[in-house]
Amino acid sequence: MNDARDDSLLARLGDLFAQSDPPPADAVELARQSFVLRALDAELAALVEDSESAGGDAGVHRQAVAVRDPGTAPQPRQLTFQVVGPHGGDEVIIAVQVESVGPHRRLTGHLAPQGPARIEVRQPMAPEARRVDADGRGLFVVDGVLPGPMSLTCRRAGAPDVATQWTLV
């Protein structure tokens, strides 16, 4: 347990680091913006599959090596996000194919269980979130997504919101 001396020492150390090695202004601004971009009441869907990951591990990315003509279009990337229920059953799966279309990305996705939903695409570089509707089969398409960090939020009637972890597209 911390006592007053520990708190005092931690405060002095914090002041020392703030004066001698302050965080870069860009990092402070990005941290501030990340709080604005959170979906506070949403459940977090973890990335469980990424076609660009090494050996099937969603957390490790492999650097692509050109083996064809450089003019060949890059292959679509497959991402799968999942929220697991308290008893081990899948509550929601958000599967997305990411394609490069010129300087932007196209997201083609589907939801399980199937059903209508509002999909929101959040990006730090976009002034506001983009919203599209998934149809009755849970299918949706989002065009014009900027390359960079992205998070999806799935909103369904009568169900808690689900937000994906931030992923580079």
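Quick note: structure is the one above.
Residues numbered from 1 in each chain as written. Predicted model: local features only at pLDDT ≥ 70, side-chain atom pairs only at ≥ 80, totals over all residues. Heavy atoms only, no water.

Caption draft 1: Structural view of the overall build of the protein chain. When helices and strands are counted, the protein chain shows two helices and 10 strands. Going from the N terminus to the C terminus, the protein chain shows its helices and strands as α-α-β-β-β-β-β-β-β-β-β-β. Per-residue burial over the protein chain gives 30% buried out of 169 residues. In the protein chain, the share of contacts with a sequence separation of at least 24, taken over all contacts with a separation of at least 6, comes to 50%. Of the roughly 11100 Å² of accessible surface on the protein chain, a fraction of 57% belongs to carbon and sulfur atoms. (Helix = DSSP H or I, 4+ residues; strand = E, 2+ residues; numbered from the N terminus. Buried < 20%, exposed > 50% of the residue type's maximum accessible area, 1.4 Å probe, protein only. Contact = heavy atoms within 4.5 Å. Areas by Shrake-Rupley, 256 points an atom, 1.4 Å probe, with all protein chains shown as cover.)

Caption draft 2: Spotlight on the nonpolar core. In this structure, Ile94, Leu107, Leu111, Ile119, Phe140 and Leu152 are the most contacted members of the largest nonpolar core, which totals 24 residues. Of all the elements in the fold, those that place two or more residues in this core are β1 (43-50), β2 (77-84), β3 (90-101), β4 (104-112), β5 (117-122), β6 (130-134), β7 (139-145) and β8 (149-155). Top element by residues in this core is β3. It accounts for four residues. Each residue touching Ile94, except ones within four places of it in the same chain, is listed here: Leu79, Thr80, Phe81, His110, Leu111, Phe140, Leu152, Cys154, Val162 and Thr164. (Core = buried A, V, L, I, M, F, W, Y, C linked by side-chain atoms within 4.5 Å.)

Caption draft 3: Highlighting the side chain of Glu120. Tracing the sequence through the fold places Glu120 in strand β5. One polar contact links Glu120 to Arg131, side chain to side chain, over a distance of 3.2 Å. Filtering out sequence-adjacent residues up to four positions away, Glu120 remains in contact with Ala129, Arg130, Arg131, Ser151, Leu152, Thr153 and Arg155. (Polar contact = N/O pair within 3.5 Å; in protein donor to acceptor, adjacent residues only side chain to side chain.)

Caption draft 4: Fine view of the pattern of salt bridges. All chains considered together, the criterion is met by eight salt bridges. Salt-bridge contacts for Glu120 lead to Arg131; the nearest nitrogen and oxygen are separated by 3.2 Å. Remark: Arg131 occurs in strand β6 and Glu120 occurs in strand β5; sequence separation between them is 11 residues. The exposure class assigned to Glu120 is buried, which follows from its relative accessible area of 8%. (Salt bridge = Lys/Arg side-chain N within 4 Å of Asp/Glu carboxyl O.)

Caption draft 5: Seen up close, the pairing of β1. With three bridges connecting them, β1 and strand β9 (residues 162-164) associate as parallel partners. Opposite Leu44, over in β9, you have Ala163 as the bridge partner. (Pairing = 2+ DSSP bridges.)

Caption draft 6: Local environment of the environment of Ala46. Among the secondary structure elements, Ala46 is positioned in strand β1. Distance from Ala46 to Thr80, taken between C-alpha atoms, is 8.3 Å for residues 34 residues apart in sequence. Sequence-distant contacts of Ala46, defined by excluding residues within four places in its chain, comprise Thr80, Phe81, Gln82 and Gln165.

Caption draft 7: Spotlight on a nonpolar patch on the surface. A contiguous nonpolar surface patch, about 490 Å² in accessible area, is contributed by Leu9, Leu10, Leu13, Leu16 and Phe17. Structurally, Phe17 is set in helix α1 (residues 4-20). Residue Phe17 is classed as exposed on the basis of its relative accessible area, which comes to 52%. (Patch = residues over 30% accessible without salt bridge, like charges linked within 9 Å, V, L, I, M, F, W, Y side chains within 5 Å.)

Caption draft 8: Seen up close, unusual backbone geometry. Between Ala112 and the following residue, Pro113, the backbone shows a cis peptide bond with an omega angle of 5°. Considering the arrangement of structural elements, one finds Pro113 in the loop between β4 and β5.

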